[in-house]
Amino acid sequence: LINSGVNGAELASMPIVMARYVADSVGSIYPLLAPAVGALGAFLACSNTVSNIMFSQFQFGVAQSLGISGAMVVATQAVGAAAGNMVAIHNVVAASATVGLLGREGSTLRKTIWPTLYYVLFTG
């Protein structure tokens, strides 16, 4: 994903192509969705840092295509990724094991989804 722009055919990288498509499809409401992309990345990768590495170029590309502040959109990516880190499965399992709640990860997830949604919605 990240190094896909390094090719002999001089094709644009996947994040940039996806960014152009999303900018054309969603348009000016995209900043509302940017934190959700960060949260989804952290949920899937179980890491705020990995989410930011994977999706910052995409987020910046959408901002450039829309002619808005790239720094603002990448910042909302980072906030969303931090929020998504609360519901990352690896983190929920690790926290549950640490405090003796093994087998009750679903209960923990149901409680932590609310602050995650709050951060994602209000940041957007």
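Here, every reference points to the structure presented above.
Each chain has its residues counted from 1, following the order in which its sequence is written. Given that this is a predicted model, residues contribute local features only at a pLDDT of at least 70 and side-chain atom pairs are listed and counted only at 80 or more, while totals for whole chains, interfaces and linings are drawn from all residues. Note that the side-chain values use all heavy atoms of the structure and ignore hydrogens as well as water.

Enquirer: Give a description of the packing of helix α2 (residues 30–45) against helix α3 (residues 48–66) that names residues and reports values.
Expert: Where α2 meets α3, the closest approach of the two axes is 8 Å, and the angle between their N-to-C directions is 160°. The angle between α2 and α3 places the two elements in the roughly antiparallel class. The way α2 lies across α3 gives a crossing that is right-handed. Together, Y30, A34, V37, G38, G41, A42 and A45 of α2 and N48, V50, S51, M54, F55, F58, Q59, V62 and L66 of α3 make up the contact between the two elements. A breakdown of the residues in the contact of α2 with α3 according to their chemical character gives eleven nonpolar, five polar and no charged. Fitted lines through C-alpha atoms serve as axes, helices being fitted only where they are in contact, and the angles separating the N-to-C directions of these axes extend from 0 to 180 degrees. A run of H or I in DSSP counts as a helix once it spans at least four residues, and a run of E counts as a strand once it spans at least two, with each numbered from the N terminus. By the definition adopted for this analysis, an angle is roughly parallel if under 35 degrees, roughly antiparallel if over 145, roughly perpendicular if from 65 to 115, and oblique otherwise. For a crossing to be left-handed, the near helix must be turned anticlockwise from the far one by less than a right angle; the clockwise case is right-handed. Note on definitions: a residue-residue contact is assigned when non-hydrogen atoms from the two residues lie within 4.5 Å. Polar here means any residue outside two lists: the nonpolar Ala, Val, Leu, Ile, Met, Phe, Trp, Tyr, Cys and Pro, and the charged Asp, Glu, Lys and Arg; Gly therefore counts as polar.

Enquirer: Would you mind going over the side chain of S47 in detail, with residue names and values included?
Expert: Here S47 lies in the loop between α2 and α3. Other than its neighbours up to four places away in sequence, S47 contacts A42 and N85.

Enquirer: Describe the side chain of E105, with residues and values.
Expert: Along the polypeptide, E105 turns up in helix α6 (residues 105–123). As a buried residue without a salt bridge, E105 has its nearest oppositely charged side chain in R104, at a separation of 8.3 Å. The classification of residues rests on relative accessible area computed with a 1.4 Å probe and restricted to protein chains. Under 20% of the type maximum is buried, over 50% is exposed, and intermediate values are partly exposed. Under this rule, positive means Lys or Arg and negative means Asp or Glu; His and the chain ends count for nothing. Salt-bridge detection follows one rule: a side-chain nitrogen of Lys or Arg within 4 Å of a carboxyl oxygen of Asp or Glu.

Enquirer: Before we move on, could you go through the environment of H90 and cite the residues and values that matter?
Expert: In this structure, H90 sits in helix α5 (residues 89–98). For the pair formed by H90 and L44, sequence separation is 46 residues and the distance between their alpha carbons is 9.5 Å.

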